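# Breakdown of the fold
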Amino acid sequence: MYFPSWLSQLCRGLSRPIGRTTQPTWGSFSRSLALSSQRRIPEFSSFIARTNTCGELRSSHLGQEVTLCGWIQYRRQNIFLVLRDFHGLVQVVIPQDESAASVKKILCEAPLESVVQVSGTVISRPPGQENPKMPTGEIEIKVKTAELLNSCKKLPFEIKDFVKKTEALRLQYRYLDLRSFQMQYNLRLRSQVVMKMREYLCNLHGFVDIETPTLFKRTPGGAKEFLVPSREPGKFYSLPQSPQQFKQLLMVGGLDRYFQVARCYRDEGSRPDRQPEFTQIDIEMSFVDQTGIQSLIEGLLQYSWPSDKDPLVVPFPSMTFAEALATYGTDKPDTRFGMKIVDITNAFRNTEVRFLQDALSKPQGTVKAMCVREGANYLKRKDIESIRKFAADHFNEEVLPVFLKAKENWNSPVAKFILEKQRLELIRLMEIQEDDVVLLTAGEHKKACSLLGKLRLACADLLEMKGMVLRDPALFSFLWVVDFPLFLPKEENPMELESAHHPFTAPHPGDIHLLYTEPEKVRSQHYDLVLNGTEIGGGSIRIHDAELQHYILATLLKEDVKLLSHLLQALDYGAPPHGGIALGLDRLMCLVTGAPSIRDVIAFPKSFRGHDLMSNAPDSVPPQELKPYHIRVSWPADSAAERSSSSHSHHPES
Ligand code: ASP
C-alpha cells in the first residue's frame, strides 16, 4: 500500500526546501507532520466528528481511542479495510467475533467509496505485518463501533490516480475527480501559496485586499468581454477582463497599495492555457516605478514559493522585447535551454541559394539560423520534413536544414550551394559541432525570428521525445521581458495601431516626443514576467495625466473616449503616479505543480470549448425568462434540432 508524501511536504511549512520534486510522488515516506518553527500545525480535526485524520496515526498514538471518518478505499478478505481521507490511508481490522457481528456487517457490506465513521483503539500490527511503504504502516485500528454515513453506488471510475480516464469524464464527475491524490495536492498547494501571498502583501507590506465589481461596463480595446443582460431595454453589463480601471481608481482614492485575488473573464475562445474565467493576483501601487514593482513580485514569489522546490534566486534576469524576439523569436522565451537564433545575414550576402537570394534582395531581408545541438543524431529525415512543412504551412517560408556531418548524405539538395567560406563562417558564428544540424531561414526580421522561435520549441519537443533532456522539469526559469513597444500594428488592419499591453500603459519617458511624430517607435513602461516560456504576469506604469491619456485613446487608438470618461475625469482630480501588475494564478500553479493543463489546478474548470461538463452550462433559458431582459434568441437556421436536444444531454468533449 502506498501513501503520498505530499501532505507531509505541504505541512512542513513553506520556508524550508526539501528536494527538487516538481510533482508529488507516491512514496514510502513516513515523515511526521513536524513543522518548521515558523509554522503551526493546522488543526485538521477541530469542530468535527473525528478525533484524528486517517493519515496521521503512528506508533506514537498506540493505545489511543480514536474516531475516524473516511471513504472505503479497499477491503481484503473481509478482515481488513483501508480507510482514506485527504490526509492518507489507514488500516482498520474488521472484528470477527460474534459480539461484534453488527460492526462486521457494516464494514463488510458497505461498497467501496462509501463513507464510514469508525471508533476504536490504535494498536500495533503483528510483527512482520508492518507496511514500510505506508506512513501509518506500523499501526492499525481495532474497531469497536462503526457507522455507515453514506453508501456509495457504482462509480463511473475508480478513485485511483493510476487508473486512466478521459478528461471529459473527469470533468463530468469533477467532485469524484477531486478525491484523487493529485487534485487534492494541486488545490491544497494552491491554497497555501495564496495564503503566503496574502501574508506577504498584507502583513509584511501593508497592502489592502479590496474586492471590485464583476458587473461592469464594456471597456474599449483588449480582450472580448462576456455580456450580462439587464432589465433595462438594450442595456448590458460586462464582466471585467480584469479589475484594471478599478485598481487605478483606487489609487486616485488614496488606497495606495491594493491587491486582490481577482476573478477575470475573457470571451476569447479556446486555447490550451486559457479559461473563460480565471484568477489573477492583481496588484497596484502609487508612487512606484518599474523596478519597485519587479522587486515586489520577486519578493512575493520567493516568499510564497513551495518548500519542496529549490528556493528562488532573485532578482530575476531581464531582457528587452527586441532581444527576446531576435534571440528566441518570441516575447516569452523559454530560457531553460539554448538553441538561440543568430543573424547570419552578412555571411550570406553573396549566396547562391535561391530563396535566400530572393529574401536578401528585399529591403527588409535577413537570414537567420538556429543550431540544433546533436540534431544529426536525433532528427530523422521525416522529422526534418515535418519541420519544413510547418514552415511552409504556417509562415509561407522555407527552411533549409544544413547537416554538417560530412558522412551523412541527407543534405537537402540546395545545401550544396552553400559555399565553403559560408560554411566556415557559419561554424564560427554558431560554434557548430560535428553532429549539429543548422536550420536556416530568410525573410523579414520579425517573421524569420518568429518562425525559428516556433521551430526551436518544436525541435525541443522532438528531441525530448527521443530521449534528450533539454528542459529540466525541476528548473524554474523566470525572466522579465521589458521595453515593449507601446503600440503594435493591428492584426486585421496593420495601418492602425493597438496597445501592446492596454491603453492605460505609460510611454517610456525617453520616447514621449515620438508619440506625436512616430508613435509606432515609442517604447512603453510595460513589463511581462515569463516562467519557462509561459507568460505568467504582466503590468505597467500607468498614464496618470488625463490629457496624455485622452490623446492616446482618441487620436492614436481611435477609441470612443466617452466610454472612459469616468477614468479620464478621475485622472484630472489629483491622480497620483501609479503602476501595477497581475499574475496569472492558474498558469503559475500549473507550472509549479507540473500539471499538464491549467484545468488541473482549478476545482471546477470549463472544458476546452468553454462548457461546464458537469452541469452543462451554458444552458438554454425558456423564452419567458428572457422577456424581462427584452431579449429574444435569433436561432441560426440549422440549430433547431440541436436546440431540442442540447438542454438535457452532455456534450461529449475532451
Ligand atoms: N490588468 C492587466 C492585465 O490583466 C495587468 C496590469 O496591467 O496590471 O493584463
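Residues numbered from 1 in each chain as written. Predicted model: local features only at pLDDT ≥ 70, side-chain atom pairs only at ≥ 80, totals over all residues. Heavy atoms only, no water.

Our working definition: UniProt positions are given in the numbering used here, feature names are shortened, and annotations may be inferred rather than shown by experiment.
The protein chain is annotated in an unreviewed UniProt entry as Aspartate--tRNA ligase, mitochondrial of Sciurus carolinensis. What the UniProt record of the protein chain gives under Subunit (unreviewed entry) is the line "Homodimer." UniProt, in its Function (unreviewed entry) section for the protein chain, records the words "Catalyzes the attachment of aspartate to tRNA(Asp) in a two-step reaction: aspartate is first activated by ATP to form Asp-AMP and then transferred to the acceptor end of tRNA(Asp)."

## With respect to the site of the ligand
Put simply, the test is: Definition of nearness: a residue and a molecule or strand are near each other if at least one heavy atom of the residue lies within 4 Å of the molecule or strand. Pairs of N or O atoms within 3.5 Å make up the polar contacts considered here, provided that, within protein, one atom can donate a hydrogen while the other can accept it, and that residues adjacent in sequence are counted only when both atoms are side-chain atoms. Method for areas: the Shrake-Rupley scheme with a 1.4 Å probe, in which residue coverage is limited to the protein chains shown. Counting from the N terminus, the helices are DSSP H or I runs at least four residues long and the strands are E runs at least two residues long. Under this grouping Gly is polar, as are all residues other than the nonpolar Ala, Val, Leu, Ile, Met, Phe, Trp, Tyr, Cys and Pro and the charged Asp, Glu, Lys and Arg.
Neighbouring the ligand are 13 residues; Q244, K247, H501, H502 and R542 lie closest to it. Contact between the ligand and S242: a nitrogen atom at 3.1 Å from a side-chain N or O atom of the residue. Between K247 and the ligand, the recorded distance is 2.7 Å, taken from a side-chain N or O atom to an oxygen atom. The fraction of the free accessible surface of the ligand (270 Å²) that becomes covered by protein chains is 89%. Listing elements by their share of the shell around the ligand, those giving two or more residues are α6 (244-252), β22 (534-541) and β23 (578-584). Per-element accounting of the shell around the ligand gives the leading share, three residues, to β23. Residue composition of the shell around the ligand, grouped by class: two nonpolar, eight polar and three charged.

## Points about the packing of aromatic side chains
How we decide: Aromatic pairs are defined between Phe, Tyr and Trp rings, using the six-membered ring for Trp, whenever the two ring centres lie within 6.5 Å; interplanar angles under 30 degrees are classed as stacked, those over 60 as edge-to-face, and all others as tilted. For every residue, the accessible area (1.4 Å probe, protein chains only) is compared with the maximum for its type, and the residue is labelled buried under 20%, exposed over 50%, or partly exposed between those bounds.
Applying the stated rule across the entire model yields 12 aromatic pairs. With centroids separated by 6.5 Å and ring planes inclined at 75 degrees, the aromatic side chains of F157 and Y173 adopt a geometry described as edge-to-face. Of this pair, F157 sits in the loop between β7 (139-150) and α3 (167-172) while Y173 sits in the loop between α3 and α4 (174-177); the two residues are 16 residues apart in sequence, bridging distant segments of the chain. Given the relative accessible area of 6%, F157 is considered buried. Relative accessible area serves as the criterion here: at 24%, Y173 is assigned to the partly exposed category. A centroid spacing of 4.9 Å and a plane angle of 85 degrees characterise the contact between W305 and F476, whose relative ring orientation is edge-to-face. With W305 in the loop between α7 (290-304) and β13 (318-320) and F476 in the loop between α13 (445-465) and β18 (478-482), this pair connects stretches of sequence that are 171 residues apart.

## A few points about helix α8 (residues 321-328)
Going by this rule: For this quantity, the arc is that covered by the directions from the helix axis to the C-beta atoms.
Within α8, the full set of buried residues consists of F321, A324, L325 and Y328. Looking straight down α8, one finds that the buried residues subtend no more than 105 degrees of arc, so they occupy a single side. Backbone geometry just after α8 places G329 at a positive phi near 70 degrees.

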